[in-house]
Amino acid sequence: MKLEIVAPLGKIYEGEVKELTLPGEDGEFGVLDGHAPLVSTLKAGVVDIKKDSGEELVAINWGYAEVTPDKVNIIVDEAVPLAASEGHDIAEAVAKAKKLMADFAESNQALAYTEGKIESVARNLI
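The residue numbers shown here count from 1 along each chain, following its written sequence. For this predicted model, a pLDDT threshold of at least 70 governs which residues receive local features, and a threshold of 80 or more governs which side-chain atom pairs are given and counted, while totals over whole chains, interfaces and linings are taken from all residues. For the side-chain quantities, the full set of heavy atoms in the structure was used; hydrogens and water were omitted.

## A look at the overall build of the chain
The criterion, for reference: For helices the rule is a DSSP run of H or I covering at least 4 residues; for strands it is a run of E covering at least 2, with both sets numbered from the N terminus onward. A simple rule labels every residue: compare its accessible area, found with a 1.4 Å probe on the protein chains alone, to the largest value its type can have, and call it buried under 20%, exposed over 50%, or partly exposed in between. Throughout, a contact is declared for two residues whenever any of their heavy atoms are within 4.5 Å. Throughout, the Shrake-Rupley method with a 1.4 Å probe supplies accessible areas, and for residues the shown protein chains are the sole cover considered.
Of the regular secondary structure elements, the chain holds two helices and 10 strands. Secondary structure of the chain in N-to-C order comes out as β-β-β-β-β-β-β-β-β-β-α-α. Across the 126 residues of the chain, 40% fall into the buried class. Within the chain, contacts between residues separated by at least 24 positions form 48% of all contacts whose residues are at least 6 apart in sequence. With an accessible surface of roughly 6900 Å², the chain has 51% of that area assigned to carbon and sulfur atoms.

So, in structure tokens, the structure goes:
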């Protein structure tokens with residue numbers, strides 16, 4: 001299925017994915033190809049993107065997700081992609097993601113869970 005994540009300053013992510021886990025307002029939920037259509041509010045957390053080539057995370061502060069059977073559109077206020085790529089320092093991205101989460105997390109428990117997820121994936125990228 002196709003995934004698109006857009007913030008006010010432009011596209012954060014666009015591509016084909018196998019599976020997504022989203023931080024819904026009422027709890028995390030997963031999305032696979034062929035999912036029933038829905039619209040959901042997203043809270044501060046991590047969009048977990050699984051592809052054939054591995055896993056990526058995008059930390060978000062809040063937004064909305066529109067799910068259709070073959071595409072997911074995510075509109076967020078602010079996002080930090082956590083992926084190793086040329087010219088991007090993963091340590092800097094992790095620091096930005098942690099700050100974003102600290103500014104918007106609703107509880108210390110949610111913040112600790114999200115930071116743990118970020119650090120776990122960051123270790124795999126280094």
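So much for the structure itself; the text now carries on.
## Quick look at a nonpolar patch on the surface
Short version of the rule: To count toward a patch, a residue needs a relative accessible area over 30% and no salt bridge; like charges are then connected within 9 Å, while nonpolar side chains (Val, Leu, Ile, Met, Phe, Trp, Tyr) are connected within 5 Å. The salt bridge criterion pairs a side-chain nitrogen of Lys or Arg with a carboxyl oxygen of Asp or Glu, the two atoms within 4 Å.
On the surface, Trp62, Tyr64 and Ile75 cluster together into a nonpolar patch covering about 330 Å² of accessible area. Take Trp62: it is sitting in the loop between strand E7 (54-60) and strand E8 (63-68). The class of Trp62 is partly exposed, set by a relative accessible area of 36%.

## Quick word on the pattern of salt bridges
Counted under the stated rule, the structure contains seven salt bridges. When the shortest N-O distance is used, the salt bridge between Glu4 and Lys11 registers 3.6 Å. Take Glu4: its relative accessible area is 16%, and that puts it in the buried class. The partner of Asp48 in a salt bridge is Lys50, with the nearest N and O atoms 3.4 Å apart. Three or more residues joined by partner-sharing salt bridges are found here, namely Lys2, Glu4, Lys11 and Glu14.

## Structural notes on the pairing of strand E6 (residues 45-51)
Selection rule: In this description, strands pair whenever DSSP reports at least two bridges between them.
When you tally the buried positions in E6, you get five out of seven residues, the bulk of the element. Here strand E3 (residues 19-24) runs beside E6; their pairing, made up of three bridges, is antiparallel. Looking at E6, one finds that Leu20 is bridged to Ile49. Across seven bridges, E6 lies against E7 in antiparallel orientation. For Asp48, the partnering residue across the bridge sits in E7 and is Leu57.

## Remarks on the packing of aromatic side chains
Selection rule: Stacked, tilted and edge-to-face pairs are distinguished by plane angle, under 30 degrees for stacked and over 60 for edge-to-face with tilted covering the rest, among Phe, Tyr and Trp rings (Trp via its six-membered ring) whose centres lie within 6.5 Å.
Evaluation of the coordinates by the stated rule reveals one aromatic pair. Taking 6.0 Å as the distance between ring centres and 85° as the angle between the ring planes, the aromatic pair formed by Trp62 and Tyr64 counts as edge-to-face. By relative accessible area, Tyr64 is classed as partly exposed at 46%.

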